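Coordinate inspection notes
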Amino acid sequence: MKVLKFGGSSVASSENINKVINIVKENSSNHKIAVVVSALGGITDLLLEAGNLACNSDENYKYSIKIIEDRHLQIARELIPVNNQSSVLGTIKNMLNKLESTLEGVFLINELSNKTSDKIVSFGELLSSYIISEAMKFSQLDAVLKNTQDLIVTNENFSNAAVKFEKTNVLIESFFKENNNAIVVLPGFVSLTEKGEVSTLGRGGSDYTAAIITAATNASILEIWTDVSGMYTANPKIVKQAFPIKDISYQEAMELSHFGAKVLYPPTIQPVLEKEIPIVIKNTFDAKADGTLITKISSNTNPIKGISHIEDMTLITLEGSGMIGIPGFSKRLFGALSQEKINVSLITQASSEHSICIAINNSDAENAKTAIDSEFSYEIDQHKVQPLIVEKNNAIIALVGDHMKSHQGISGKMFSTLGKNNVNIRAIAQGASEKNISAVISHKDIKKALNSLHAAFFEDQTKELNLFIVGVGNVGGKLLEQIKKQEDYLIENLKIQVRVIALTNSKKMLFNEDGIDLDNWKLPLENAENLDMDLFHEKVTALNFRNSIFVDNTANESISNLYADYLKESVAVVTCNKIACSSNYSNYLNLKKLAREYNAPFLFETNVGAGLPIIDTLKNLIASGDKVSKIQAVLSGSLNFIFNNFNEQTSFYDVVQQAGIEGFTEPDPRIDLSGVDVMRKILILARESGTKLELSDIENDSFLPKSSLEANSVADFMETLKTEAIHFNKIQEKAANHNCRLKYVAEFDNGNAKVGLKEISPDHPFYNLDGSDNIVLFFTERYSKQPLIIKGAGAGAAVTASGLFADIIRIGNN
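Below is a summary of the structure that appears in this document.

Rules and cut-offs
Sequence order as written defines the numbering, with residues in each chain counted from 1. In keeping with the predicted nature of the model, local features appear solely for residues at pLDDT of at least 70, side-chain atom pairs appear and are counted solely at 80 or more, and the whole-chain, interface and lining totals rest on all residues. As a rule here, side-chain values cover all heavy atoms of the structure and leave hydrogens and water aside. Strands are runs of DSSP state E lasting at least two residues, helices are runs of H or I lasting at least four, and both sets are numbered from the N terminus onward. The contact definition used throughout considers only heavy atoms, calling two residues in contact when any of these lie within 4.5 Å. Charged residues are defined here as Lys and Arg on the positive side and Asp and Glu on the negative side; His and the ends of the chain fall outside this count. Lys charges are placed at NZ, Arg charges at CZ, Asp charges at CG and Glu charges at CD. Both site types are read off a 1 Å grid over the protein atoms alone. A 1.4 Å probe that fits but cannot get out defines a cavity, while an open set with protein on both sides within 12 Å along at least five of seven lines defines a pocket; lining residues have an atom within 4 Å of a point. Grid points are joined across faces, edges and corners, and a volume is the space filled by probe spheres set on the points. Working convention: axes come from line fits to C-alpha atoms, limited for helices to the stretch in contact. Angles between N-to-C directions cover 0 to 180 degrees. Roughly parallel refers to an angle under 35 degrees, roughly antiparallel to one over 145, roughly perpendicular to one between 65 and 115, and oblique to any angle outside these ranges. Crossing chirality is assigned from the near helix's rotation relative to the far helix, an anticlockwise turn below a right angle marking it left-handed and a clockwise turn marking it right-handed. Note that Gly is not counted as nonpolar here; it falls among the polar residues with everything else outside the nonpolar set of Ala, Val, Leu, Ile, Met, Phe, Trp, Tyr, Cys and Pro and the charged set of Asp, Glu, Lys and Arg. Each residue gets one of three labels from its accessible area relative to the maximum for its type: buried under 20%, exposed over 50%, partly exposed in between, using a 1.4 Å probe on protein chains only. When DSSP finds two or more bridges between two strands, those strands count as paired. If you view a crossover with the strands going away from you and the path from the first strand over the helix to the second runs clockwise, you call it right-handed. Arc definition: it is the arc formed by the directions from the helix axis to the C-beta atoms.

**Points about the overall build of the protein**
Counting secondary structure elements, the protein contains 29 helices and 30 strands. Structurally, the protein occupies a C-alpha span of about 115 × 75 × 55 Å along its principal axes. Restricting to contacts in the protein with at least 6 residues of sequence separation, those with at least 24 account for 72%. With 79 positive and 97 negative side-chain charges, the protein shows a separation of 3 Å between the mean positions of the two kinds.

Quick look at the structure:
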């Protein structure tokens, strides 16, 4: 015989019930079948709600009854042929009348005991099993309904009754021995006490019902049909890469089910474990999928079978010097909790006996604190024990596997993975059998922790980077193009998956936690919510993705002021915005410090030289022990483009305007032409070489006339380029007469920095610098006579985007 159990989602609608009937039909051709069913999906919650409403004298309980009645009658009408509906609908209404009478009694006396609650919720399974058995009969199946209340006997611990196995097994064996029907339909979850009163096996107890029947009849297998294809390596709703576990041992399944793997009710396995009957978890909506096979010994050689978690946990710590060497403290602690019927999910104790730490459900926290404070009131008054430490909003994560003990380094790998992703561990527990390694973490870190651990233990070490991109103009747009183009290459060759989670322009912000479609982002962004950078930060923090990167493509000071907030949340920052690194020195140092403290990279390669590896090269020189004595550079691709194209045939105004059109200058060209942009760049290089320097320390020999410097707007500034044409023409003519070219040069020499327009002779490395190229000469102890030269395109959206992309990939490779 086979036992098949179908959960609430499998019997939530007539369509789903027809799938169940087909599965049963296919299985019954070669075996006798026992079918255990749960209540229709959502009905148990409605029944509990109705009971609570009635208890609180709220007549809305009648509305809940109406929803329950309509749902069952509708499904019955959809499943049963019209000519045969009358008697079936009559029976359903008769059962619902009994439910209504019970709730009416609760409403009148304003009292709802566990005993009465059991009676109310039992109607869910009794109704569903009746409807399904009748539907099977009209599908030409040899099916009979048997009320499990006639078979399973329990104690009087209502709402979570314990089974009296001696009597129960006799009743089950006797019934199935005499039964000749091919299919027996049974309601799960429900039972009776020895006095004949309605009891239940606890929430999720339909699995338990199926296991009890499986063991008592010595069935060949127990199949639990649900809405997922087995037990997964992690919760697939949280970890998208999770996959079904092919096979697993009883012990591993119990560990995973205890730690929140909800496809299995924790006590379920015990009855079948003793008889070594296999269990299969199957998917009603994908019947051909293999599912998960649970047996005594698994053939799965991976030492880790799954990663599970329990949410909404409170950490309670009892500590004090008065506990050291004194026996009985643990007994008293757990005795106090036991009296309040509080379940402890995790226990850890320091070897010094100075403290005991436990994890319990949030809902039990207040009762636990009251009970423990009362138990140890004398010791607390005498300062032998400190006041109880209660920390809410935690979660337990657990690695589960039978063979972890024989594999070295699993604990180390687990904790280092969490550490690298800035997940703080509050407590740790591990038994000597090493079937389970558990840790308590903050509730907000669940998603990050599970995804990080799953990647470390189950995935092909593909690192997922989650980008939050601010600014999708010239540079931002090119960056998105480059990411899209390189998607496959990065996955195949570097094992890096880049997901863009958020985008902003100057007015709107778009979020998609599954990743934004880079083929179709412009229209969704136009129709997205209004930009609010405070809300943007809240959303990034709430998502709490591992390997989160804040990408700033703007030149906006207010955006650069947000970097510290992101770094403190362990979100990396990649930016082409020079303002932060050229702000006051203390802010620059603080950002570097936060990056180290929170293990969040702060990368700004594109601050100097766009995509050229200038800062990275400088860092490598310093890290290898070299010392920079002097830097000479042309660092403005914009100014280089302007002065390379400014001659006697062109006006200065026209060249500057063209530079803006081609994207070489900032939207406000004053930033480039005033020399401020170059000042910021040489300041950053000076700081990166180890020199304390402020922007105000840099000498700026401006080539602009007074009227240009004092212009109040971009339009006014551009107008001065026309009116001051003679001034600019004289500068150009003078250089031409000296057979020189004009270059805007930045210099750093022995702690001093300056910028200004210079005439460059033909024998200088800067003379042949064409287009918008940049060049940097590093003079160091090792490169004292011949400098280290870096030269290439130093402006333009595409090369700047490539520099940002390189920083992003650098984080992925780290």
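**Quick word on empty space enclosed by the protein**
Taken as a whole and judged by the stated rule, the model has one cavity of 30 Å³ or more. Every residue lining the largest cavity is listed: K448, V540, T541, N544, F545, S548, E569 and V571.

**Structural notes on the packing of helix α10 (residues 329-339) against helix α11 (residues 365-375)**
It is at 9 Å that the axes of α10 and α11 come closest, and there the two elements cross at 135°. On the basis of the axis angle, α10 is oblique to α11. Classified by chirality, the crossing of α11 by α10 is right-handed. In this structure, α10 uses R332, L333, A336 and L337 to contact α11, whose residues at the interface are A368, A371, I372 and E375. When the residues that make up the contact of α10 with α11 are grouped by side-chain class, the tally is six nonpolar, no polar and two charged.

**Focus on the pairing of strand β19 (residues 496-504)**
Among the nine residues that make up β19, eight are buried, leaving the element largely enclosed by the rest of the structure. Where strand β18 (residues 463-470) meets β19, eight bridges bridge the pair, whose relative direction is parallel. Paired with K463 across the bridge in β19 is I496. As for the winding sense of the linkage, the β-α-β connection from β18 through helix α15 (residues 474-494) to β19 is right-handed. Judged from the three bridges that link them, β19 and strand β20 (residues 508-511) form a sheet pairing that is antiparallel. In the sheet register, T504 faces β20, and the bridge partner there is M509. The antiparallel pairing of β19 with β20 creates a hairpin that spans three residues between the two strands.

**Points about helix α23 (residues 652-661)**
Within α23 the residues assigned to the buried category are F652, Y653, V655, V656 and A659. Here the buried residues of α23 occupy an arc of 165° about the axis, which is enough to place them on one side. Along its buried surface, α23 packs onto α22 (637-645), α24 (670-673), α27 (714-723) and α28 (725-737). Of the residues flanking the end of α23, it is G663, one or two places downstream, whose phi is positive at about 80°.

Coordinates in, geometry out; function isn't part of it.
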